[in-house]
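Summary of structural features
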Amino acid sequence: MGRGGNYDTTMIDIAYIANTTDIFNTVLLQPGYYFHGDADIQKNLAVIRNSLNRQEVRRRTNSGNTDTRVVAKKSSTIIGCQMEIDELYFKPSAQRTGYQNRYAEYVAAYSGSKVTSSANRVFSFYCDKKNPYWSETQDKVNAFFDTL
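Computed from a predicted model, the values in this text were never measured in an experiment.

1. Description of the overall build of the protein
When its secondary structure is counted, the protein shows five helices and five strands. Reading the protein from its N terminus to its C terminus gives the helix and strand order α-β-α-α-β-β-β-α-β-α. Over its C-alpha atoms the protein spans a radius of gyration of 15 Å, differing by no more than 12% from the 15 Å that the globule rule assigns to 148 residues. C-alpha atoms of the protein, sized along the principal axes, occupy 45 × 30 × 25 Å. A separation of at least 24 residues holds for 68% of the contacts in the protein among residues at least 6 apart in sequence.

2. Here we look at the nonpolar core
By size, the foremost hydrophobic cluster in this structure holds 35 residues, and its most contacted members are Met-83, Tyr-103 and Tyr-110. Counting residues per element, the ones that place at least two in this core are α1 (7-20), β1 (26-29), α2 (33-36), α3 (39-54), β4 (78-84), α4 (96-110), β5 (123-126) and α5 (134-146). When sequence neighbours within four positions are dropped, the list of residues in contact with Tyr-110 reads Pro-31, Asn-44, Leu-45, Ile-48, Arg-49, Leu-52, Cys-81, Met-83, Val-115, Phe-123, Phe-144 and Leu-148.

3. Some details on the packing of α4 against α5
Following both chains from N to C, one finds α4 and α5 inclined at 20 degrees, their axes separated by 10 Å at the closest point. Considering their axes alone, α4 and α5 lie roughly parallel with respect to each other. Along this stretch, α4 crosses α5, giving a crossing that reads as right-handed. Contact residues: Tyr-103, Val-107 and Tyr-110 in α4; Lys-140, Val-141 and Phe-144 in α5. Taken together, the residues of the contact of α4 with α5 sort by class into five nonpolar, no polar and one charged.

4. Let's talk about the pattern of salt bridges
The tally for this structure, following the rule as stated, stands at eight salt bridges. One salt bridge connects Arg-54 with Asp-67, and the closest N-O pair in it is separated by 2.8 Å. Here Arg-54 is found in helix α3, whereas its partner Asp-67 is found in the loop between β2 (58-59) and β3 (68-69), with 13 residues between them in sequence. By relative accessible area, Asp-67 is classed as partly exposed at 22%. We note a salt bridge from Glu-87 to Lys-91, for which the minimum N-O separation is 3.8 Å. When its relative accessible area of 11% is taken as the criterion, Glu-87 is described as buried. A relative accessible area of 38% places Lys-91 in the partly exposed class. A single salt-bridge network, built from bridges that share partners, covers Arg-54, Glu-56, Arg-58, Asp-67 and Arg-69.

5. A few points about the sheet that holds β5
Each strand in a sheet pairs with its neighbour through backbone hydrogen bonds, running either in the same direction (parallel) or in the opposite one (antiparallel). With respect to topology, three strands assemble into an open sheet ordered β1-β4-β5, the strand pairing being parallel. Lying at the two open borders of the sheet, with one neighbouring strand each, are β1 and β5. Direction aside, the axes of adjacent strands within the sheet are offset by 35 degrees on average. Taken together, the four bridges between β1 and β4 define a ladder with parallel strand orientation.

6. Let's talk about α5
Between the first and last C-alpha of α5 there are 18 Å, a value that for 13 residues agrees with the 18 Å anticipated at 1.5 Å per step. Every buried residue of α5 is listed here: Thr-137, Val-141 and Phe-144. On an axial view of α5, the arc spanned by its buried residues comes to 55 degrees, and they lie on one face. Taken together, the buried residues of α5 touch β4, α4 and β5.

Cut-offs and rules
- Residues numbered from 1 in each chain as written.
- Predicted model: local features only at pLDDT ≥ 70, side-chain atom pairs only at ≥ 80, totals over all residues.
- Heavy atoms only, no water.
- Helix = DSSP H or I, 4+ residues; strand = E, 2+ residues; numbered from the N terminus.
- Rg over C-alpha atoms; globule rule 2.2 N^0.38 Å.
- Contact = heavy atoms within 4.5 Å.
- Core = buried A, V, L, I, M, F, W, Y, C linked by side-chain atoms within 4.5 Å.
- Buried < 20%, exposed > 50% of the residue type's maximum accessible area, 1.4 Å probe, protein only.
- Axes fitted to C-alpha atoms, helices over the stretch in contact; angles between N-to-C directions.
- Parallel < 35°, antiparallel > 145°, perpendicular 65-115°, else oblique.
- Left-handed = near helix turned anticlockwise from the far one by under 90°.
- Nonpolar A, V, L, I, M, F, W, Y, C, P; charged D, E, K, R; others polar.
- Salt bridge = Lys/Arg side-chain N within 4 Å of Asp/Glu carboxyl O.
- Pairing = 2+ DSSP bridges.
- Expected span 1.5 Å × (residues − 1).
- Arc of directions from axis to C-beta.

Written out as structure tokens, the structure reads:
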């Protein structure tokens, strides 16, 4: 998803493609929050949750509404979410707590009944390359799926 000055253009483009064409079977929206972590794109978590629940790509407005329609859904495209986690969650560093907190916000935004229908719980994970913390990363991913 877009952030900063390109947010609107990016989300409008994605919405038109995902909602009105059958080019893709599934469109996975990535919030970009895990790595960037600013308050502006934290709102992307809610936009994606609303998009999953409605199965229609939504957008947010400058006033903060995170459930704004761009164009009515006419396609059969499934709307899903790509979440992010990697070794930075585990690797000792000054930023580790930030990554842990942001990942916890991902889980809080999408787990359990936050995505109202099990059919709408379509997730993939960006996990970077296999690294020394791979087993721990897999455990975190599996623990998320256990919440659904």
